[in-house]
Amino acid sequence: EDKVVQSPLSLVVHEGDTVTLNCSYEVTNFRSLLWYKQEKKAPTFLFMLTSSGIEKKSGRLSSILDKKELFSILNITATQTGDSAVYLCAVEAAYKYIFGTGTRLKVLA
Amino acid sequence: SQTIHQWPATLVQPVGSPLSLECTVEGTSNPNLYWYRQAAGRGLQLLFYSVGIGQISSEVPQNLSASRPQDRQFILSSKKLLLSDSGFYLCAWGGGSYEQYFGPGTRLTVT
């Protein structure tokens, strides 16, 4: 059965800290891995990764995929209170997307 | 650029009533379309996906159905709502190694 597992489930940090969120997967017909940020509304797209070892970067956020070990990490540096959200990882496999349950990040001022 | 619309934004319906949620996409043709449900404090559950007009794949057997009458229109329906149908319903487009984007969602409360 296809599955996506995210860790940790929740995380509390202080502004300025760096965090690393993890996503591991077991799926057949892997096509891509996606990261989303969800506040109290629809998820917002962050990154899509298809190739191993190539880092995607956007401001303080970056992500990388390891297709051999079947995992991805999302890094957030110099965290701000506005980074507080649930971060979702999803894997596309043969037209379908399998989502992890998310990591809830809270950044304290 | 592509835009995805969903309506209504919120909905309160009694148990046993019918449901129709609509999703439309602009700025692209022949998109893959998806319906998800997110229960309070839970992850996203894929309900249906469609790779073309009239082509619907169901992921979870339940009292919901989906239809795709036009290329960029995706409809989620139910004949009789259950309490367990409450949740945040999200339409999305993308897939096939393209990025997937979500619409604004509909918060459904079944009373």
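Higher on the page you've got the structure.
Rules behind the numbers
Residues numbered from 1 in each chain as written. Chains lettered and ligands numbered in written order. Predicted model: local features only at pLDDT ≥ 70, side-chain atom pairs only at ≥ 80, totals over all residues. Heavy atoms only, no water. Helix = DSSP H or I, 4+ residues; strand = E, 2+ residues; numbered from the N terminus. Rg over C-alpha atoms; globule rule 2.2 N^0.38 Å. Buried < 20%, exposed > 50% of the residue type's maximum accessible area, 1.4 Å probe, protein only. Contact = heavy atoms within 4.5 Å. Areas by Shrake-Rupley, 256 points an atom, 1.4 Å probe, with all protein chains shown as cover. Lys, Arg positive; Asp, Glu negative; His and termini not counted. Charge placed at Lys NZ, Arg CZ, Asp CG, Glu CD. Pairing = 2+ DSSP bridges. Buried area = accessible area lost by both parts, 1.4 Å probe. Salt bridge = Lys/Arg side-chain N within 4 Å of Asp/Glu carboxyl O. Polar contact = N/O pair within 3.5 Å; in protein donor to acceptor, adjacent residues only side chain to side chain. Disulfide = S-S within 2.5 Å.

1. A closer look at the overall build of chain A
Inference 1: Within chain A, the regular secondary structure consists of 0 helices and 11 strands.
Inference 2: Since a compact globule built from 109 residues should have a radius of gyration of about 13 Å, the 13 Å found for chain A is in line with a globular shape.
Inference 3: The C-alpha extent of chain A, read off along each of the three principal axes, is 40 × 25 × 20 Å.
Inference 4: Counting across all 109 residues of chain A, residues that qualify as buried make up 44%.
Inference 5: At a minimum sequence separation of 6, the contacts of chain A that also span at least 24 residues come to 54%.
Inference 6: Surface summary for chain A: the accessible area is close to 5,400 Å², and the carbon and sulfur share equals 50%.
Inference 7: Computing the positive centroid from 13 side-chain charges and the negative centroid from 11, chain A places the two 5 Å apart.

2. Brief notes about the side chain of Thr28 of chain B
All names here are of chain B.
Inference 1: Within the secondary structure, Thr28 is located in the loop between strand S3 (19-26) and strand S4 (32-38).
Inference 2: Classification of Thr28 by relative accessible area gives buried; the value is 18%.
Inference 3: Excluding residues within four positions of it along the chain, Thr28 makes contact with Gln2, Arg72 and Trp93.

3. Section: the pairing of strand S2 (residues 10-13) of chain B
Looking along a regular strand, one sees the side chains alternate between the two faces of the sheet.
Residue and element names in this part refer to chain B.
Inference 1: Side-chain alternation along S2 places Leu11 and Gln13 on a buried face and Thr10 and Val12 on a face that remains uncovered.
Inference 2: Alignment of S2 against strand S11 (residues 106-110), held across 4 bridges, turns out to be parallel. Considered in S11, the bridge of Val12 is made with Thr109.

4. A word on the interface of chain A and chain B
Inference 1: On the chain B side, the residues contacting the 17 residues of chain A number 23 residues.
Inference 2: Between chain A and chain B, a total of about 1,600 Å² is buried, with carbon and sulfur atoms accounting for 59% of that surface.
Inference 3: For chain A, the biggest contributors to the area lost against chain B are Tyr95, Tyr97 and Phe99 of chain A; these three give 32% of the whole.
Inference 4: Counting across the chain A and chain B interface gives 1 salt bridge.
Inference 5: Among the salt bridges present, the one from Lys96 of chain A reaches Glu59 of chain B, with a minimum N-O distance of 3.5 Å.
Inference 6: At the surface where chain A touches chain B, the tally comes to 4 residue pairs in polar contact (both at pLDDT 80 or more).
Inference 7: Those elements that place two or more of their residues in the side of chain A that touches chain B are strand S4 (30-38), strand S5 (44-49), strand S9 (85-93) and strand S10 (96-99) of chain A.

5. Some details on the state of the cysteines
Inference 1: Tallied over the full model, the rule gives 2 disulfides over all chains.
Inference 2: A disulfide bridge connects Cys23 of chain A with Cys89 of chain A, and the sulfur atoms are separated by 1.9 Å. Linking Cys23 of chain A and Cys89 of chain A, the disulfide has an S-S dihedral of approximately -65 degrees and is accordingly described as left-handed. With Cys23 of chain A in strand S3 (residues 19-26) and Cys89 of chain A in strand S9, this residue pair connects regions lying 66 residues apart in the sequence.
Inference 3: With a relative accessible area of 1%, Cys23 of chain A lands in the buried category.
Inference 4: Between the sulfur atoms of Cys23 of chain B and its disulfide mate Cys91 of chain B the distance is 1.9 Å. The S-S bond linking Cys23 of chain B to Cys91 of chain B shows a torsion near -70 degrees; that makes this disulfide left-handed. With a gap of 68 residues between them, Cys23 of chain B in strand S3 and Cys91 of chain B in strand S9 (residues 87-94) connect regions that are remote in the sequence. Across this residue pair, the class does not change: Cys23 of chain B and Cys91 of chain B are buried.

Everything listed here is a matter of geometry and, on its own, says nothing about what the molecule does.
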